[in-house]
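Structure assessment
Take a look at the letters that make up each chain.
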Amino acid sequence: MCSVATAFGLLLAGAVGGPALAQRGEVHDVPWYQARPQVLDETLRRCHRDARLMATYDCQNAEAAAASRLGQRSLQPTTRPPATGPDGLPEPDYNPRTNPLGYQALKRACTERGPGSAMFLPYCGQLERYGGGGASGR
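Conventions and cut-offs
Residues numbered from 1 in each chain as written. Predicted model: local features only at pLDDT ≥ 70, side-chain atom pairs only at ≥ 80, totals over all residues. Heavy atoms only, no water. Phe/Tyr/Trp six-rings, centres within 6.5 Å; stacked < 30°, edge-to-face > 60°. Buried < 20%, exposed > 50% of the residue type's maximum accessible area, 1.4 Å probe, protein only. Helix = DSSP H or I, 4+ residues; strand = E, 2+ residues; numbered from the N terminus. Salt bridge = Lys/Arg side-chain N within 4 Å of Asp/Glu carboxyl O. Disulfide = S-S within 2.5 Å.

Topic: the packing of aromatic side chains
Following the criterion strictly, the structure yields 3 aromatic pairs and no others. Considering the side-chain rings of W32 and Y33, the 5.2 Å spacing of their centres and the 85° angle between planes classify their relative orientation as edge-to-face. By relative accessible area, W32 is classed as partly exposed at 24%. Ring geometry for Y94 and Y123: centres 6.2 Å apart, planes at 50°, overall tilted. With Y94 in the loop between helix 4 (57–69) and helix 5 (100–112) and Y123 in the loop between helix 5 and helix 6 (125–129), this residue pair connects regions lying 29 residues apart in the sequence. Look at Y94 and you get buried, because its relative accessible area is 11%. Owing to a relative accessible area of 11%, Y123 belongs among the buried residues under this scheme.

Topic: the pattern of salt bridges
For the coordinates displayed, the defined rule picks out 3 salt bridges. Among the ionic pairs, E42 bridges to R45, the shortest N-O distance being 3.2 Å. Of this pair, E42 and R45 both sit in helix 3 (residues 37–49), 3 residues apart, roughly one helical turn. Note that D50 and R52 form a salt bridge whose closest N and O atoms lie 3.1 Å from each other. For D50, a relative accessible area of 21% gives the class partly exposed.

Focus on the state of the cysteines
Applying the stated criterion across every chain, the model contains 2 disulfides. Disulfide partner of C110: C124, at an S-S distance of 1.8 Å. Taking the sign of the S-S torsion, about -95° here, the bridge from C110 to C124 comes out left-handed. Linking C110 in helix 5 with C124 in the loop between helix 5 and helix 6, this pair joins segments that are 14 residues apart in sequence. For C110, a relative accessible area of 11% gives the class buried. Accessibility expressed as a relative area gives 17% for C124, which makes it buried. Shown here for the protein is a disulfide pattern of 1-2, 3-4, where each number marks a bonded cysteine counted in sequence order.

Have a look at this one:
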């Protein structure tokens, strides 16, 4: 009976001591990581390289801080907002490099003005924006 109690005591000490032993260094909370994005990114790289670290409170707090960033807009826009058409909606982009078929359809509609070209006519100014069009200069 004594060996069962000893085994149970060792098992309990291992379960309690395990997470405490896994914590090395200072543990930072979620707001601390949110205020330091560069440290957060480095901590996540370190945690993702070693699966043993993912069980630490520090890595779990870093993951929570990173998850809180999801869906938030960046403070500095990375691209220019799209131009708006006459109706206030974003203007379709007929760049010949990224949309060669659309550019050809726009060019044909603006020069021939045949049936079905009415929807292209408000965007004929893009022909001037992209100059000669075509795929030259790639």
